[in-house]
Amino acid sequence: MGIFHYADRTKHVMHYYKYSDLDTVGVLTVNEAAHVLKLGRTRMYDLIRSGEIQILPFGRPIRISGRVLKAYIDQPLTKEERQLAQV
């Protein structure tokens, strides 16, 4: 009998979603949401901490609704953000 590693039982599969999938996907992990937005995890946590992206309260694991993420993407840019995008 080989050595059993606890980590072998808890492998998490990361799904790669596109914008068009967000209405039907249900919930995403922080990593999956960051991938959709093309951001790093740290920046994603910054957006969550600032309240710009709402999370679903499932206890310890942070989950983000696909519809909430899509609404964040669809919101219009502020004047300041448009100026930064032009630089």
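See the structure printed just above.
Please read all numbers here as calculations on a predicted model, not as lab measurements.

## Overview of the overall build of the protein chain
Line of reasoning, step 1. Of the regular secondary structure elements, the protein chain holds five helices and three strands.
Line of reasoning, step 2. Along the protein chain, from the amino end to the carboxyl end, the secondary structure elements read α-β-α-α-β-β-α-α.
Line of reasoning, step 3. Looking at the protein chain as a whole, 22% of its 87 residues qualify as buried.
Line of reasoning, step 4. Counted over contacts in the protein chain with a minimum sequence separation of 6, partners at least 24 positions apart contribute 46%.
Line of reasoning, step 5. Of the accessible surface of the protein chain, which amounts to about 7000 Å², a share of 54% is contributed by carbon and sulfur atoms.

## Digging into the sheet that holds strand E3 (residues 62–65)
Line of reasoning, step 1. Taking strand neighbours across the sheet as the criterion, the three strands line up as E1-E3-E2 in an open arrangement whose pairing is antiparallel. Whereas interior strands pair on both sides, the edge strands pair on one side only; in this sheet they are strand E1 (27–28) and strand E2 (56–57).
Line of reasoning, step 2. In terms of strand pairing, E2 meets E3 through two bridges, oriented antiparallel. The residue of E3 that forms the bridge with Leu56 is Arg63.

Reading the values: the criteria
Counting restarts for each chain, with residues numbered from 1 along the sequence as it is written. The predicted nature of this model means local features are confined to residues of pLDDT at least 70 and side-chain atom pairs, given and counted, to a pLDDT of 80 or more, with totals for whole chains, interfaces and linings taken over all residues. The side-chain numbers reported here are obtained from all heavy atoms of the structure, hydrogens and water having been left aside. A run of H or I in DSSP counts as a helix once it spans at least four residues, and a run of E counts as a strand once it spans at least two, with each numbered from the N terminus. We call a residue buried when its accessible area falls under 20% of the maximum for its residue type, exposed when it is over 50%, and partly exposed in between, using a 1.4 Å probe and counting protein chains only. Working rule for contacts: check all heavy atoms of both residues, and any pair within 4.5 Å makes them a contact. In these tables, accessible area is a Shrake-Rupley quantity obtained with a 1.4 Å probe, and a residue counts as shielded only by the protein chains included in the view. A pair of strands is labelled paired if DSSP reports no fewer than 2 bridges between them.

Any functional reading would require information beyond the geometric quantities listed.
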